[in-house]
Number of protein chains: 4
Amino acid sequence: MSTTRSMMAAHPDGEPSLGQALTACIEAAFSCAQASDACADACMAEETIVELRKCIRLSLDCADLCMTTGRFLSRLNEVDGNLLKTILMACRDFCTTTAIEYEKHADMYAYCRIAAEACRRCEQACQDLLPRPF
Amino acid sequence: MSTTRSMMAAHPDGEPSLGQALTACIEAAFSCAQASDACADACMAEETIVELRKCIRLSLDCADLCMTTGRFLSRLNEVDGNLLKTILMACRDFCTTTAIEYEKHADMYAYCRIAAEACRRCEQACQDLLPRPF
Amino acid sequence: MSTTRSMMAAHPDGEPSLGQALTACIEAAFSCAQASDACADACMAEETIVELRKCIRLSLDCADLCMTTGRFLSRLNEVDGNLLKTILMACRDFCTTTAIEYEKHADMYAYCRIAAEACRRCEQACQDLLPRPF
Amino acid sequence: MSTTRSMMAAHPDGEPSLGQALTACIEAAFSCAQASDACADACMAEETIVELRKCIRLSLDCADLCMTTGRFLSRLNEVDGNLLKTILMACRDFCTTTAIEYEKHADMYAYCRIAAEACRRCEQACQDLLPRPF
């Protein structure tokens, strides 16, 4: 069991039935944040950096919002259903847009392909969590 | 002229006509983030902390998202209009919900009143920036 | 291979010999950040919240700094050896202090025990990375 | 009186004698974070982006750590003197290194000059707060 799974299960307000989808989304969000930060930095090391500007910019935005989403989902006190929905949809949309950009460069740069996969997993995890009642 | 205003004006992609509304929103977002973090901490120092749980939780969420919004708006390269709209609306909604909670405690705690004002300013600044073309 | 490991290995400036220690530290930092945020929130759900104030406060600080450290380490361009040392030592010290506080409550609250373990792993990962040349 | 000053003064643990130096440091940290994020983005819009890689990388690090420092200083509960010192020194050192890099480009790019000034103010504010007892 991952540390995140153990933490969420041990929380006094932890809801076992919700646990796995929630943990999956937290882990996907932090994984996507890390991949996005690393992708921005990897792009900056390329000769072709000028063509990768959009990629870098979206990476930074995506990393920031995924981290904020991961932190939000780590809190189980007094969950506001509307704000939960708002942030899940926003995070999903940032991941979609960023993944589309990464996929354009995926054949050229392995890290863009790996980061695209991380974005797609986070997009899906947000989508899966959306209909869940908190 | 504030440092933020000077920075945004000196940016190669800086758009003078947009400048003031954008700067106002960045400054309102960081000010609201700081007030929210300080409000969470001030609530934790009260005897009545148990009744302030919702206030603390919303403060942390609001601080995180306002900071992410302030960073997003500080980037002028390759702005994606849909993501801009998404984050402005999300930030506005977080500020509204947090302000409503703060306002319940505003008579009792001066810092809740001040933080509510910071949230309302950020909510308004996001709203004002929404119809602007980037 | 984890997404973080794949990303760091695919980076144009990736250094194979450094890879594992670096990946371990990035993953430990994000894991500790998540556990710390969740621990702060879990403490807020307890009746004994008043006695857990120090725990909550340190959790928030530790989460913020571990996330900043994870982001810093995800960048391989133009690494400044002094800043690397500075942030690794700061992160290690925050983790040590937070772990000591968590360990006081570890018998009572399972999440404090789990979060303490996450802090100790991050503390150790920072320490292990300190003597490495970048 | 700024919102930050009002918030810190209204905090139950607010220490009037400390207030101004603390508020100055929080405001300098967030101002430097914003300027650094904007500087990274402005550099990315230049034709000379390849020569600005170090500038961009340091900007991102500096922004992250200044924000973490601003959040840390916004908390007055259970201040740990050693961690306060650690983060003030780390933030000061990040600002010094980033300012030195910005100053190399200050004649060429107005935003590098403005961001350098923001770094120097934050460096000084951290230094001024270091000897204060909490």
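Look a little higher up for the structure.
Residues numbered from 1 in each chain as written. Chains lettered and ligands numbered in written order. Predicted model: local features only at pLDDT ≥ 70, side-chain atom pairs only at ≥ 80, totals over all residues. Heavy atoms only, no water.

Chemist: Tell me about the relation of the copies chain C and chain A, residues and numbers included.
Modeler: Once chain C has been moved 0.0 Å along the axis and rotated by 180°, it coincides with chain A to within an RMSD of 0.0 Å. On this basis, the relationship between the two copies can be described by a two-fold rotation axis. In terms of C-alpha distance to the rotation axis, chain C has C:Phe30 as its closest residue, with the C-alpha 3.6 Å off the axis. (Least-squares fit on C-alpha atoms with pLDDT ≥ 70 in both.)

Chemist: Hey, could you go over the pattern of salt bridges for me, with residue numbers and the actual values?
Modeler: Per the stated rule, a full pass over the model turns up 48 salt bridges over all chains. For B:Arg75, the salt bridge identified is with A:Asp61, shortest N-O distance 2.6 Å. A residue pair is termed interchain when its members come from two chains, as with B:Arg75 in the loop between helix H3 (53-73) and helix H4 (81-104) and A:Asp61 in helix H3 (residues 53-73). The residues B:Arg75 and A:Asp61 share a single accessibility class, namely buried. In this structure, B:Arg75 engages A:Asp64 in a salt bridge whose closest nitrogen and oxygen atoms are separated by 3.1 Å. Within this pair, whereas B:Arg75 is found in the loop between H3 and H4, its partner A:Asp64 is found in helix H3, the two belonging to separate chains. Of the two residues, B:Arg75 and A:Asp64, neither departs from the other in class, the shared state being buried. If you follow the salt bridges from partner to partner, you end up with A:Asp37, A:Arg57, A:Asp61, A:Asp64, B:Arg71, B:Arg75, C:Arg71, C:Arg75, D:Asp37, D:Arg57, D:Asp61 and D:Asp64 in one network. (Salt bridge = Lys/Arg side-chain N within 4 Å of Asp/Glu carboxyl O. Helix = DSSP H or I, 4+ residues; strand = E, 2+ residues; numbered from the N terminus. Buried < 20%, exposed > 50% of the residue type's maximum accessible area, 1.4 Å probe, protein only.)

Chemist: Give a description of the packing of helix H4 (residues 81-104) of chain C against helix H4 (residues 81-104) of chain D that names residues and reports values.
Modeler: Remark: H4(C) packs on H4(D), axes separated minimally by 10 Å, with the N-to-C direction vectors making an angle of 160°. Considered as vectors, H4(C) and H4(D) are oriented roughly antiparallel to each other. For the pair H4(C) and H4(D), the sense of crossing is left-handed. Across the interface between the two elements, C:Leu83, C:Thr86, C:Ile87, C:Ala90, C:Asp93, C:Phe94 and C:Thr97 from H4(C) touch D:Leu83, D:Thr86, D:Ile87, D:Ala90, D:Asp93, D:Phe94 and D:Thr97 from H4(D). The residue makeup of the contact of H4(C) with H4(D), split by class, is 8 nonpolar, 4 polar and 2 charged. (Axes fitted to C-alpha atoms, helices over the stretch in contact; angles between N-to-C directions. Parallel < 35°, antiparallel > 145°, perpendicular 65-115°, else oblique. Left-handed = near helix turned anticlockwise from the far one by under 90°. Contact = heavy atoms within 4.5 Å. Nonpolar A, V, L, I, M, F, W, Y, C, P; charged D, E, K, R; others polar.)

Chemist: An account of the interface of chain C and chain A is needed here, citing residue identities and associated values.
Modeler: Listed per partner, the contact involves 37 residues of chain C and 37 residues of chain A. On the chain C side of the contact with chain A, C:Met7, C:Gln34 and C:Arg71 bury the most area, a combined 23% of that side's loss. Put simply, chain C and chain A have 4 salt bridges between them. The partner of A:Asp37 in a salt bridge is C:Arg71, and the shortest N-O contact between them spans 2.7 Å. At the boundary of chain C with chain A, the tally comes to 18 residue pairs in polar contact (both at pLDDT 80 or more). Secondary-structure elements contributing two or more residues to the side of chain C that touches chain A are helix H1 (3-10), helix H2 (16-44), helix H3 (53-73) and helix H5 (110-129) of chain C. Here the side of chain C that touches chain A takes 11 residues from H2(C), the largest share from any one element. Taken together, the residues that form the side of chain C that touches chain A break down as 21 nonpolar, 8 polar and 8 charged. (Buried area = accessible area lost by both parts, 1.4 Å probe. Polar contact = N/O pair within 3.5 Å; in protein donor to acceptor, adjacent residues only side chain to side chain.)

Chemist: How would you explain the interface of chain D and chain A if you had to name every residue and give the values?
Modeler: Taken residue by residue, the interface counts 12 residues in chain D and 12 residues in chain A. Buried surface at the junction of chain D and chain A, both sides included, amounts to about 870 Å², of which 62% is carbon and sulfur. Counting every contact that joins chain D to chain A gives 0 salt bridges. Among the secondary structure elements, those contributing two or more residues to the side of chain D that touches chain A are helix H2 (16-44) and helix H3 (53-73) of chain D. No other element matches H3(D), which puts 5 residues into the side of chain D that touches chain A. Looking at the side of chain D that touches chain A residue by residue, the class counts come to 6 nonpolar, no polar and 6 charged.

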